[in-house]
Amino acid sequence: MTKKELKNATNFFENETKLIEKEYELVKKIIAIRNDKHISQRELCAQIGMKQPALVRIENQNNSPSLKTVLKILEPLGYTLEIKKITNSDL
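Attention here is on the structure that accompanies the text. Here the structure is a predicted model, which is why all the values come from computation and not from measurement.

Re the side chain of Gln41
Moving on, step 1. Topologically, Gln41 is positioned in helix α2 (residues 41-48).
Moving on, step 2. Of the residues examined, Gln41 reaches a relative accessible area of 17% and is grouped as buried.
Moving on, step 3. Separated by 3.2 Å, the side chains of Gln41 and Gln52 make a polar contact.
Moving on, step 4. Look past the residues within four positions of Gln41 in its chain and what remains in contact with it is Arg34, Gln52, Leu55, Val56 and Glu59.

Structure (structure tokens):
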């Protein structure tokens, strides 16, 4: 592997790691909101038409939810996603 290929691979790995960390933080926030509202997984799943094992896999980080699924989960919790500009402090 050349130096350039190694650098590209390292950059790719670092970028993927950042994305995984952001997804993990999002899922942690969803869990915290659900718990703060005293809504069980079973109750949330009944509201959104999802099977509980699917939500368990998402909350345990065994499955990456689609954007549609995240929005579906957030709505009955009273939340949605928002796009914001990335600032240097966000990097």
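Some thoughts on the nonpolar core
Moving on, step 1. Counting residues in each nonpolar core, the largest one holds 16 residues, and the members touching the most others are Ile30, Leu44, Met50, Leu55, Ile73 and Leu77.
Moving on, step 2. For this core, the secondary structure elements donating two or more residues are α1 (3-36), α2, α3 (52-59) and α4 (67-74).
Moving on, step 3. Looking at which element gives the most residues to this core, the answer is α1, with 4 residues.
Moving on, step 4. With residues up to four places along the chain from it excluded, the contact list for Ile73 reads Ile30, Leu44, Ile48, Met50, Leu55 and Ile58.

As for the pattern of salt bridges
Moving on, step 1. According to the stated counting rule, one finds 2 salt bridges in the structure shown.
Moving on, step 2. Its salt-bridge partner being Lys28, residue Glu25 comes within 3.4 Å of it at the nearest N-O pair. Placement of the pair is Glu25 and Lys28 together in helix α1, with a separation of 3 residues, close to one helical turn.
Moving on, step 3. Glu25 gets classed as partly exposed once you look at its relative accessible area, which sits at 36%.
Moving on, step 4. The exposure class of Lys28 is partly exposed, given its relative accessible area of 39%.

Some points on the packing of α2 against α3
Moving on, step 1. Viewed as axis vectors pointing N to C, α2 and α3 meet at an angle of 115°, and their least axial separation amounts to 9 Å. Relative to α3, α2 is oriented so that their crossing is right-handed. Along the contact surface, α2 presents Gln41, Arg42, Leu44 and Cys45, while α3 presents Gln52, Leu55, Val56 and Glu59.
Moving on, step 2. The class makeup of the residues in the contact of α2 with α3 is 4 nonpolar, 2 polar and 2 charged.

Examining α3
Moving on, step 1. Taken residue by residue, α3 has Ala54, Leu55, Ile58 and Glu59 as its buried positions. Viewed end-on, α3 has its buried residues packed into an arc of 135°, placing them on one side of the element.
Moving on, step 2. Of the surrounding secondary structure, the elements contacted by the buried residues of α3 are α1, α2 and α4.
Moving on, step 3. A positive phi of about 65° marks Gln61, the residue just after α3.

A short note on a nonpolar patch on the surface
Moving on, step 1. Together, Leu67, Leu71 and Leu81 make up a nonpolar patch on the protein surface, roughly 250 Å² of accessible area in all.
Moving on, step 2. Inspection of the secondary structure puts Leu71 in helix α4.
Moving on, step 3. The exposure class of Leu71 is partly exposed, given its relative accessible area of 34%.

Basis of the calculations
Residues numbered from 1 in each chain as written. Predicted model: local features only at pLDDT ≥ 70, side-chain atom pairs only at ≥ 80, totals over all residues. Heavy atoms only, no water. Helix = DSSP H or I, 4+ residues; strand = E, 2+ residues; numbered from the N terminus. Buried < 20%, exposed > 50% of the residue type's maximum accessible area, 1.4 Å probe, protein only. Polar contact = N/O pair within 3.5 Å; in protein donor to acceptor, adjacent residues only side chain to side chain. Contact = heavy atoms within 4.5 Å. Core = buried A, V, L, I, M, F, W, Y, C linked by side-chain atoms within 4.5 Å. Salt bridge = Lys/Arg side-chain N within 4 Å of Asp/Glu carboxyl O. Axes fitted to C-alpha atoms, helices over the stretch in contact; angles between N-to-C directions. Left-handed = near helix turned anticlockwise from the far one by under 90°. Nonpolar A, V, L, I, M, F, W, Y, C, P; charged D, E, K, R; others polar. Arc of directions from axis to C-beta. Patch = residues over 30% accessible without salt bridge, like charges linked within 9 Å, V, L, I, M, F, W, Y side chains within 5 Å. Areas by Shrake-Rupley, 256 points an atom, 1.4 Å probe, with all protein chains shown as cover.

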